[in-house]
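Take a look at the letters that make up each chain.
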Amino acid sequence: MIRPKLQTVKTHENGDGVASKAPPMVVRDLSKSYGSIEVISGLNMHVDPGEIICIVGPSGVGKTTLLRSLSGLMPPTSGSVSVGGKVITQPLEEIGIVFQDYRGSLMPWMRTLENVAFPLQGRGIGKAEREQRAQECLDTVGLSDAGQKYPWELSGGMQQRVAIARALAYDAHILLMDEPFGSLDAQTRLGLEDLVLDLRSRLKISVIVVTHDIDEAVYLADRVVVLAGKPASVVDNVDVDLGMNRDQIKTKSDPRFVEYRNRVLSEIMRVRD
Ligand SMILES: Nc1ncnc2c1ncn2[C@@H]1O[C@H](COP(=O)(O)OP(=O)(O)OP(=O)(O)O)[C@@H](O)[C@H]1O
Ligand SMILES: [Mg+2]
């Protein structure tokens, strides 16, 4: 599938004056039903250029459904998702997606470099340029030497880095991640959290992460969006004012981090009860 491009690259400024390549994303009054069952109703949210938003909420609330709607893969039943002021009706090059199950997301018969270069086929770019672009994306995620390996020769964390590189290969400015580190061990997970922060700083992209891990949500986010209800909507927006430079030990022992975590946790427990 050839994904259309929204616009030529220009920079957008977010509220903090940080220049970002990512266009703003605005979700207006979004509802989604599967058959007669309404899963999401009247949901509003926005993602400023260069922001990291974490979405949390109970299992089955509709987080994956929301992310699919944001990606353009699944049209909402009503309401809209706009990117850079245009309502999206199909997947865009500007939007990259990373799913939880890294085992199923890479093609096992293709080497790592080919996996990353694959989505660029059909864009009229020659093989050499596709591979150069793929190599740059592997460099970006710290896997410079893995290009000739097959996915099954890589650890889970490395495979998830490849999936991130592939999402970036399109020149994605908005990265959507659905529980991207859920099936990885704790130590690998911390490394990949730092990779996401680093990519945001270096590439000035926006990132939307669905996670069950409250510590992860607060550590990564500029804002945590709490979903709840049947049908689901946004019940809380927690602005996380911990600066751009975060550190697994220092940030997580900062009293403000603990305060944000407790607020998100108590909101989730309140809506669960
Ligand atoms: N394709 C589908 N057809 C019908 N119902 C669906 C479909 N996909 C999801 N649902 C239902 O919609 C609701 C929300 O599902 P969704 O996967 O979005 O939740 P989630 O918040 O991502 O859950 P989890 O945290 O377990 O991943 C659930 O009740 C689910 O059964
Ligand atoms: Mg889900």
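Residues numbered from 1 in each chain as written. Chains lettered and ligands numbered in written order. Predicted model: local features only at pLDDT ≥ 70, side-chain atom pairs only at ≥ 80, totals over all residues. Heavy atoms only, no water.

(A) Spatial organisation of the overall build of the protein. Within the protein, the regular secondary structure consists of eight helices and twelve strands. Compactness check: the protein gives a C-alpha radius of gyration of 18 Å against a globular reference of 19 Å for 273 residues, within 12% of the reference. On the principal axes, the C-alpha backbone points of the protein span a range of 55 × 40 × 40 Å. Out of the 273 residues in the protein, the part that is buried amounts to 52%. Summarising the internal contacts of the protein: among those between residues at least 6 apart in sequence, 69% fall at separations of at least 24. Taken as two groups, the 32 positive and 35 negative side-chain charges of the protein have centres that lie 4 Å from each other. (Helix = DSSP H or I, 4+ residues; strand = E, 2+ residues; numbered from the N terminus. Rg over C-alpha atoms; globule rule 2.2 N^0.38 Å. Buried < 20%, exposed > 50% of the residue type's maximum accessible area, 1.4 Å probe, protein only. Contact = heavy atoms within 4.5 Å. Lys, Arg positive; Asp, Glu negative; His and termini not counted. Charge placed at Lys NZ, Arg CZ, Asp CG, Glu CD.)

(B) Inspection of the nonpolar core at higher detail. Membership of the largest hydrophobic core comes to 50 residues, with the highest contact counts inside it found for I164, L175, M177, V224 and V264. In terms of residue count, helix α5 (residues 156-169) provides more of this core than any other element does, seven residues in total. The residues touching I164, leaving out its near neighbours within four places in the chain, are V98, V141, L175, M177, F181, L195 and L199. Membership of the second largest hydrophobic core comes to 27 residues, among which are L70, L92, L176 and V210. (Core = buried A, V, L, I, M, F, W, Y, C linked by side-chain atoms within 4.5 Å.)

(C) Spatial organisation of the packing of aromatic side chains. The final tally for this structure, using the stated rule, is one aromatic pair. Taken together, a centroid distance of 5.3 Å and an interplanar angle of 0° make the contact between Y150 and W152 stacked. A cation over a ring is seen here: K252 above Y219, with NZ or CZ 4.8 Å from the ring centre. (Phe/Tyr/Trp six-rings, centres within 6.5 Å; stacked < 30°, edge-to-face > 60°. Lys NZ or Arg CZ within 6 Å of the ring centre and 35° of its normal.)

(D) Region of the structure containing the pattern of salt bridges. Enumeration according to the criterion identifies 13 salt bridges in this entry. Among the ionic pairs, K252 bridges to E193, the shortest N-O distance being 3.6 Å. In this pair, K252 is assigned in the loop between β12 (233-239) and α8 (255-272) and E193 in helix α6 (residues 186-203), connecting sequence segments 59 residues apart. For K252, a relative accessible area of 21% puts it in the partly exposed group. Judged by relative accessible area, E193 falls into the buried class, the value being 1%. (Salt bridge = Lys/Arg side-chain N within 4 Å of Asp/Glu carboxyl O.)

(E) Examining the pairing of strand β4 (residues 37-47) more closely. Where strand β3 (residues 25-34) and β4 come together, seven bridges link them in antiparallel fashion. Paired with M25 across the strands is V47, a residue of β4. (Pairing = 2+ DSSP bridges.)

(F) Structural detail: the site of ligand 1. For ligand 1, the full set of nearby residues is Y34, V39, P58, S59, G60, V61, G62, K63, T64, T65, E179 and H212. Y34 places a side-chain nitrogen or oxygen 3.4 Å from a nitrogen atom of ligand 1. Protein chains shield 57% of the accessible area of ligand 1, which is 640 Å² for the free molecule. It is helix α1 (residues 63-71) that contributes the most residues to the shell around ligand 1, three residues altogether. The residue inventory of the shell around ligand 1, partitioned by class, reads four nonpolar, six polar and two charged. (Near = heavy atom within 4 Å. Polar contact = N/O pair within 3.5 Å; in protein donor to acceptor, adjacent residues only side chain to side chain. Areas by Shrake-Rupley, 256 points an atom, 1.4 Å probe, with all protein chains shown as cover. Nonpolar A, V, L, I, M, F, W, Y, C, P; charged D, E, K, R; others polar.)

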